[in-house]
Amino acid sequence: MKPKLPKRSSRATGRLLLAVGSMLLAPLALANELMLDEAVNRALAADVWIETSRHNEAAQHALGDAAGRLPDPKFNVALANMPTNTFDFDQEAMTQLVMGVSQMIPRGDTLALKESRFDQQAGLQPLMRAERRAWVRLQVSQLWLDAWQAQQSLALINNNRTLFEQLVEVSTSSYVSAMGRTRQQDLVRAQLELAQLDDRVTRLELQHDINLARLSEWLMAGDSTQQRLVQVDSLQLSADLPAQTLPQGPGAGDDDRARAFIDHPSIQLIDRQIDLARTDVELAEQKYKPEWGLNASYGYRGEDPMGRDRADLVTVGVSIDMPLFSTRRQDSEVAAAGSRVEAVKTERLLQLRQMLAGYDTARASYDRISERLALYQTQLLPQSHEAAEAALNAYTSDDGDFAEVVRARIAELNAQLATIELKAEQLKQVEQINYLLTRTESGEK
């Protein structure tokens, strides 16, 4: 006949059963303060890069307006043909006070193309802002989910700590009384699991603090360092995950798959860069055309030695700069500009391939994670709970092993922690897919 547990051990066992019912099945109650969507909106509102981009756009427009104007005329004043023996202005008929002006006219359509080039550079900024917003959404979502996972795991472990303390108390009572089946190794095992639980809590707290600090960098960009430290300490994430909205992905055909990404801001940005490179080709081609220069001067002459007025002189001229004897320099510049166009086209192809591969990877990960999550929710979680209950009931009726009780409770806790991790990873893949399928809205600011 198996020895019965002493009264102290029975009371401890009762408290253990109560803890199992109240701790493992209790919901994780956390303050609903910062939800994922709110974190993203706050990060977008606090992103000073957006304002920097708007200033850069205004600067490019201003530079384009200046680049489309003719160069400033050049004025000159000269005292020409002054006799050096007397330095008498009226002595020689060739002596003149010359005032002139010259104006250069750039080659072909250079001015219009330069202005258009700056406007094209300014047009890149709205697309860069759209890509930045999508990237910020992805980064903040990843940080929020990492912090959420650590926070929920900490709450779960802290809720279960009392249970493991009760296991230590049961094993200690049974071992000290020498009336139960508890062995010294059972006591050591219970104490070891509690210590390992404390170690896991410490590691999760580190992850939680790091992710919150990185998240606060996006949320409080305009605050002082001291204010950020205070706000990070008081920052609490919502315990609820947002509803999943998986967007429609690309079709089965290669053309359909590629077409799903051509409206992404990063691809639109490369398309604009291709247009910019083509403008550089046109600018290089203008160097085959002549550059004109106009100049005019007025020469004032003094009276002759007899006191008679001399006629003043007017000079008008035209200069031209044209590559008549060799065009190798111009040919090389045009070829270089054309190569840059092809290089940007290649970047576009590589970007599309990377995005398509990234989508396939994220979608495959989402599907597999969803399968694992369904397995945990429908089988592993209920079965691990039943196994833990069965092991505890067997032990309390002197028909089970204490080590099996500990193993079963650890298995149940690990299953619950894995479920939290899978939920976070599933939503991460959704955010990754949303980023890859971002479309540039018309009139993006």
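Residues numbered from 1 in each chain as written. Predicted model: local features only at pLDDT ≥ 70, side-chain atom pairs only at ≥ 80, totals over all residues. Heavy atoms only, no water.

This brings us to the overall build of the chain. Summing up its helical and strand segments, the chain has 10 helices and 4 strands in all. Each helix (α) and strand (β) of the chain, taken in turn from the N terminus, gives the series α-α-α-β-β-α-α-α-α-α-β-β-α-α. Across the 445 residues that make up the chain, the buried fraction comes to 40%. Taking the contacts inside the chain whose residues are at least 6 apart along the sequence as the reference set, 82% of them involve residues at least 24 apart. Surface accessibility of the chain: about 24,600 Å² in total, with carbon and sulfur atoms responsible for 53%. (Helix = DSSP H or I, 4+ residues; strand = E, 2+ residues; numbered from the N terminus. Buried < 20%, exposed > 50% of the residue type's maximum accessible area, 1.4 Å probe, protein only. Contact = heavy atoms within 4.5 Å. Areas by Shrake-Rupley, 256 points an atom, 1.4 Å probe, with all protein chains shown as cover.)

Next up on the list: the pairing of strand β2 (residues 96–105). Examined bridge by bridge, strand β1 (residues 74–80) and β2 share 7 bridges and lie antiparallel to one another. Counterpart to Ala 78 in the pairing with β2 is Val 98. (Pairing = 2+ DSSP bridges.)

Proteins that are soluble and globular tend to have nonpolar side chains buried together. Of all hydrophobic cores here, the largest spans 32 residues; its most connected members are Leu 34, Val 140, Trp 144, Leu 215, Leu 219 and Leu 237. Broken down by secondary-structure element, the contributors of at least two residues to this core are α2 (36–46), α4 (110–177), α5 (184–219) and α10 (402–436). Looking at which element gives the most residues to this core, the answer is α4, with 10 residues. What Leu 34 contacts, discounting residues up to four positions off in sequence, is Ala 39, Arg 42, Trp 144, Leu 215, Leu 219, Leu 235, Gln 236, Leu 237 and Ser 238. By size, the runner-up hydrophobic cluster in this structure holds 14 residues, among which are Ile 267, Ala 362, Tyr 435 and Leu 437. (Core = buried A, V, L, I, M, F, W, Y, C linked by side-chain atoms within 4.5 Å.)

Turning next to the pairing of strand β3 (residues 291–300). Across 9 bridges, β2 lies against β3 in antiparallel orientation. Paired with Met 99 across the strands is Tyr 298, a residue of β3. Judged from the 9 bridges that link them, β3 and strand β4 (residues 313–321) form a sheet pairing that is antiparallel. Residue pairing across strands places Leu 294 opposite Val 318, the latter belonging to β4.

This part covers the pattern of salt bridges. Charged atoms that come close allow side chains of opposite charge to pair. Applying the stated rule across the entire model yields 20 salt bridges. Across the pair Arg 69 and Asp 65 runs a salt bridge whose closest N-O atoms are separated by 2.8 Å. Among the residues examined, Asp 65 registers a relative accessible area of 39% and is labelled partly exposed. Two residues, Arg 278 and Asp 275, come together in a salt bridge whose shortest N-O distance is 3.8 Å. One end of the pair, Arg 278, and the other, Asp 275, are both in helix α8 (residues 265–285), 3 residues apart, so they sit about a helical turn from each other. A relative accessible area of 33% places Asp 275 in the partly exposed class. (Salt bridge = Lys/Arg side-chain N within 4 Å of Asp/Glu carboxyl O.)

Right, let's talk about the sheet that holds β2 for a bit. Through backbone hydrogen bonds, the strands of a sheet pair up, either in parallel or in antiparallel fashion. The antiparallel open sheet is built from 4 strands, whose spatial order is β1-β2-β3-β4. The sheet terminates laterally at β1 and β4, the two strands that pair on one side only. This sheet shows a mean twist of 20 degrees between the axes of neighbouring strands, independent of strand direction. (Axes fitted to C-alpha atoms, helices over the stretch in contact; angles between N-to-C directions.)

Mapped onto the fold, Ser 153 is located in helix α4. At 2.8 Å, the side chain of Ser 153 and the backbone oxygen of Gln 149 are in polar contact. Look past the residues within four positions of Ser 153 in its chain and what remains in contact with it is Leu 204, Leu 417 and Ile 420. (Polar contact = N/O pair within 3.5 Å; in protein donor to acceptor, adjacent residues only side chain to side chain.)

Quick look at the packing of α8 against helix α9 (residues 328–396) now. The N-to-C vectors of α8 and α9 enclose an angle of 170 degrees; their axes lie 8 Å apart at closest approach. In terms of axis orientation, α8 runs roughly antiparallel to α9. Tallied by class, the residues present in the contact of α8 with α9 amount to 12 nonpolar, 4 polar and 9 charged. (Parallel < 35°, antiparallel > 145°, perpendicular 65-115°, else oblique. Nonpolar A, V, L, I, M, F, W, Y, C, P; charged D, E, K, R; others polar.)

Not every positive phi belongs to a glycine, and Asn 81 is a case in point at roughly 60 degrees. Assignment of secondary structure puts Asn 81 in the loop between β1 and β2.

Before going further, it helps to spend a moment on a nonpolar patch on the surface. A cluster of nonpolar side chains, namely Leu 70, Ile 105, Trp 292, Leu 294, Val 318, Ile 320, Met 322, Leu 324 and Phe 325, defines an oily patch on the protein surface of about 940 Å² accessible area. Where the nonpolar patch is concerned, the elements lending two or more residues are β3 and β4. As for its placement among the helices and strands, Leu 70 is situated in the loop between α3 (48–67) and β1. Residue classification places Leu 70 among the partly exposed residues on the basis of a relative accessible area of 47%. (Patch = residues over 30% accessible without salt bridge, like charges linked within 9 Å, V, L, I, M, F, W, Y side chains within 5 Å.)

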